[in-house]
Each structure stands twice: as C-alpha cells, then as structure tokens.
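If you want the building blocks of each chain, they are given just below.
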Amino acid sequence: MFGFLLVVLLLVGLFMTVVVLLQAGKGGGLAAMGGAGGTAADGVIGGRQAATLLTKSTWVSGGAFLFLALVLSVISSRQAGPEGSILRDQFQAPAVAPTPVLPGTDAPATTDPAGATPAPGTTPAPGTTPPDGTP
C-alpha cells in the first residue's frame with residue numbers, strides 16, 4: 001500500500017511539474033504587485049482571470065499531492081512504531097570497565113587470583129606462584 005501510494009505521489013508530482021511549466025507567464029506575480037504594476041489592492045482584489053484547463057489541473061494535482069503526502073506521512077509514522085530513543089538505549093546499557101593495559105605491552109593486565117600482586121623484590125606467600133611464572 002505504501003509503495004503504491006508513493007509511486008502515485010511521484011507521478012502526481014511529475015504531472016504537476018509539467019502542467020506548471022506549460023502555463024504561460026502572466027506577469028502578475030509578486031514583482032507586479034508594487035510600483036508601476038499597480039497597487040497591492042489591485043493584485044489581491046483585482047478581476048478574476050479565466051480558469052483554463054491548465055489552471056484547474058494545477059489546483060487538482062496540487063491538492064492531490066498534498067493529500068497523498070499527508071497520508072504517506074501518517075502511514076509511515078504508524079509503521080515505525082515506538083522504538084524509543086537512541087540516547088536512552090546508550091544510557092541504560094551497562095557500562096563495562098575497560099581492561100587496563102600495562103605500559104610497554106599490548107596485552108591487557110591480568111589480575112592475581114589472590115587479589116594482590118606482591119611488590120617487586122618480595123617473596124610470594126607459600127603455595128602461590130609469582131606473576132612472572134617462576135617457581
């Protein structure tokens with residue numbers, strides 16, 4: 001349904017473009033409303049011009065274009081559904097602490113299962129293996 005209406009909207013837009021370009025310029029646009037072209041009241045209240053086939057088709061295609069654009073916007077907003085905010089998802093995601101990297105190495109630092117690494121030059125507790133792997 002959405003694809004069909006979108007194609008119809010594109011065809012109406014192309015038709016309206018052709019119809020507008022086929023119309024002859026009447027010289028009564030905004031530039032003629034001031035100065036030597038007459039007063040603003042003459043342009044607004046002035047006599048009504050004859051409605052040609054091109055003028056009527058411009059109005060009809062313009063109305064159809066606006067109506068189809070409104071219908072398509074309503075359809076697309078209903079199909080999207082409430083997904084929530086991107087920012088809300090980022091703030092609700094659990095923060096994972098990055099693994100620290102030792103200076104001069106590319107490998108991440110490992111933690112000692114006992115919870116503490118002995119200071120350099122000290123002997124580890126009996127029954128534990130030092131971090132460098134020597135017994």
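Residues numbered from 1 in each chain as written. Predicted model: local features only at pLDDT ≥ 70, side-chain atom pairs only at ≥ 80, totals over all residues. Heavy atoms only, no water.

## Topic: the overall build of the chain
Next up, step 1: Each helix and strand counted, the chain has four helices and zero strands in total.
Next up, step 2: Across the 135 residues of the chain, 9% fall into the buried class.
Next up, step 3: Within the chain, residue pairs in contact and separated by at least 24 positions form 66% of the contacts whose partners lie at least 6 positions apart.
Next up, step 4: Only carbon and sulfur atoms are counted for the fraction: they give 68% of the accessible area of the chain, which is about 11,200 Å². (Helix = DSSP H or I, 4+ residues; strand = E, 2+ residues; numbered from the N terminus. Buried < 20%, exposed > 50% of the residue type's maximum accessible area, 1.4 Å probe, protein only. Contact = heavy atoms within 4.5 Å. Areas by Shrake-Rupley, 256 points an atom, 1.4 Å probe, with all protein chains shown as cover.)

## Brief notes about helix H1 (residues 2–22)
Next up, step 1: Its 21 residues give H1 an end-to-end C-alpha distance of 30 Å, which sits within 8% of 30 Å, the value for a rise of 1.5 Å per residue.
Next up, step 2: Listed in full, the buried residues belonging to H1 are Leu5, Leu9, Val12, Gly13, Met16 and Val19. An end-on view of H1 places all buried positions within 130 degrees of arc, on one side of the element. In H1, the exposed residues that point more than 90 degrees away from the buried face are Phe4, Leu10, Leu11, Leu14, Leu21 and Leu22. (Expected span 1.5 Å × (residues − 1). Arc of directions from axis to C-beta.)

## Side note on a nonpolar patch on the surface
Next up, step 1: Residues Val7, Leu11 and Leu14 make up a contiguous nonpolar surface patch of about 300 Å² in total accessible area.
Next up, step 2: Within the secondary structure, Leu11 sits in helix H1. (Patch = residues over 30% accessible without salt bridge, like charges linked within 9 Å, V, L, I, M, F, W, Y side chains within 5 Å. Salt bridge = Lys/Arg side-chain N within 4 Å of Asp/Glu carboxyl O.)

## A short note on the nonpolar core
Next up, step 1: Grouped together as the largest cluster of nonpolar side chains are five residues: Leu5, Leu9, Val12, Leu68 and Leu72.
Next up, step 2: Where this core is concerned, the elements lending two or more residues are H1 and helix H3 (53–80).
Next up, step 3: What Leu5 contacts, discounting residues up to four positions off in sequence, is Leu68, Val71, Leu72 and Ile75. (Core = buried A, V, L, I, M, F, W, Y, C linked by side-chain atoms within 4.5 Å.)

## Observations regarding the environment of Leu10
Next up, step 1: Structurally, Leu10 can be placed in helix H1.
Next up, step 2: Classification of Leu10 as exposed rests on a relative accessible area of 55%.
Next up, step 3: When the C-alpha positions of Leu10 and Leu68 are compared, they lie 9.8 Å apart, and in sequence the two are 58 residues distant.

## Thoughts on the confidence of the model for the chain
Next up, step 1: The pLDDT averaged across the chain works out to 74; a share of 52% of its residues lies at or above 70.
Next up, step 2: Mean pLDDT in the chain bottoms out at helix H2 (residues 40–45), which sits at 56, and peaks at H1, which reaches 93. (pLDDT = per-residue confidence, 0-100.)

## Considering the side chain of Ser61
Next up, step 1: Relative to the elements of secondary structure, Ser61 occurs in helix H3.
Next up, step 2: When its relative accessible area of 4% is taken as the criterion, Ser61 is described as buried.
Next up, step 3: Among the polar contacts made by the side chain of Ser61, one reaches the main-chain carbonyl oxygen of Thr58 at a distance of 3.2 Å.
Next up, step 4: Ignoring anything within four residues of it in the chain, the contact list for Ser61 reads Val12, Phe15 and Met16. (Polar contact = N/O pair within 3.5 Å; in protein donor to acceptor, adjacent residues only side chain to side chain.)

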